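# Understanding the architecture of this molecule
Chain by chain, the residues run as shown.
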Amino acid sequence: MSALRLTHAFVNQGLLGQALTHRSAGAPHNERLEFLGDGIVNLMVAEALFQRWPKADEGALTRARAELVREASLATIARRLDLGAQLTMGPGEMKSGGHRRDSILADALEALVAAIYLDAGFEACREVVLPWFEESLAALPVGKPEKDAKTRLQEWLQARQRPLPLYELVSESGDDHAKQFLARCSIQEPPVSAEGEGTSRRIAEQAAAAAVLDRLAETKRNTVE
């Protein structure tokens, strides 16, 4: 097992152990820390955007924060830290590849942030955590981050005076602490539908909308060719 790529040295090793323990491995697990870490990450990212983009309006700031703290973005950071290899999980989750799953990695990252905060305070936590987001912050178009997939699809249809998309929940599965949702997005003109998965209905609908946009773009490319 490789070492966790972390610049913070924990005084309370128990906090680190709890942050890296999935619910499937029993108590004490990281769900409470995840709750706290979610709020801390949102605050830190919001503060960084507020300071960097003095002329951006609320909508641009909100979309940028959503992009930076979404599940896939947090999971990417977790992989850079090699967090998955450090997680303590039950046999079932280990066998199913839980240490590679975006939802589990993102939750563990938030729990880790909370553990650092409780171990060393807010300022020390910010010094450790904000560099994790530096690359993504720098990559955002200043003040104009890309709108989410559902918004882009709706605007594409409205611009062409076509009916709005329909979303439906296809299925949900898993335990309460690890729900997986499957949603379908359908449009009438042109007739296209696609499905998307996520740890919430909203995330699944966004994934489905993104898949529809990809199919529309692919159709356009094929038509041009």
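Keep in mind the model is a prediction, meaning the values are calculated, not measured. (Residues numbered from 1 in each chain as written. Predicted model: local features only at pLDDT ≥ 70, side-chain atom pairs only at ≥ 80, totals over all residues. Heavy atoms only, no water.)

## Description of the sheet that holds strand β2 (residues 180-187)
What counts here: Two strands pair under a simple rule: DSSP has to find at least two bridges between them. Here a strand is any run of E in DSSP of at least two residues, a helix any run of H or I of at least four, and the numbering for each starts at the N terminus. Whenever a helix is involved, its axis is fitted only over the stretch in contact; in every case the axis is a line through C-alpha atoms, and angles between N-to-C directions fall within 0 to 180 degrees.
Taken in spatial order, the three strands make up an open sheet running β1-β2-β3, and their pairing is antiparallel. Here the strands that pair on one side only, and so sit at the sheet edges, are β1 (166-173) and β3 (192-198). Neighbour-to-neighbour, the strand axes of the sheet open up by a mean angle of 20°, direction not taken into account. Here seven bridges tie β1 to β2, and the two strands are oriented antiparallel to one another. If you follow glutamate 168 over to β2, its bridge partner there is arginine 184.

## Thoughts on the environment of leucine 105
Let me state the cut-off plainly: A simple rule labels every residue: compare its accessible area, found with a 1.4 Å probe on the protein chains alone, to the largest value its type can have, and call it buried under 20%, exposed over 50%, or partly exposed in between. Contact between two residues is taken to exist if any of their heavy atoms lie within 4.5 Å; hydrogens are not considered.
Positionally, leucine 105 belongs in helix α6 (residues 102-120). Here leucine 105 falls in the buried class, since its relative accessible area comes to 1%. Placed 15 residues apart in sequence, leucine 105 and alanine 120 show a C-alpha to C-alpha distance of 22 Å. Excluding residues within four positions of it along the chain, leucine 105 makes contact with Ala75, Ala78, Arg79, Leu83, Gly84, Leu87, His99 and Arg100.

## So, the pairing of β3
Burial along β3 is one-sided: the residues Val192, Ala194, Gly196 and Gly198 are buried and none of Ser193, Glu195 and Glu197 is. Where β2 meets β3, seven bridges bridge the pair, whose relative direction is antiparallel. The residue bridging cysteine 185 from the neighbouring strand is alanine 194, located in β3. Taking the residues between adjacent antiparallel strands as the criterion, β2 and β3 are bridged by four residues.

## Description of the packing of helix α3 (residues 58-69) against helix α4 (residues 71-80)
Threshold: Any angle between 65 and 115 degrees counts as roughly perpendicular, while under 35 counts as roughly parallel, over 145 as roughly antiparallel, and the rest as oblique. Under the scheme applied here, ten amino acids are nonpolar (Ala, Val, Leu, Ile, Met, Phe, Trp, Tyr, Cys and Pro), four are charged (Asp, Glu, Lys and Arg), and all others, including Gly, are polar.
Axis separation between α3 and α4 bottoms out at 4 Å; the angle between their running directions is 45°. By the criterion of interaxial angle, the relationship of α3 to α4 is oblique. Together, Glu67, Leu68 and Val69 of α3 and Glu71, Ser73 and Leu74 of α4 make up the contact between the two elements. When grouped by side-chain class, the residues that make up the contact of α3 with α4 number three nonpolar, one polar and two charged.

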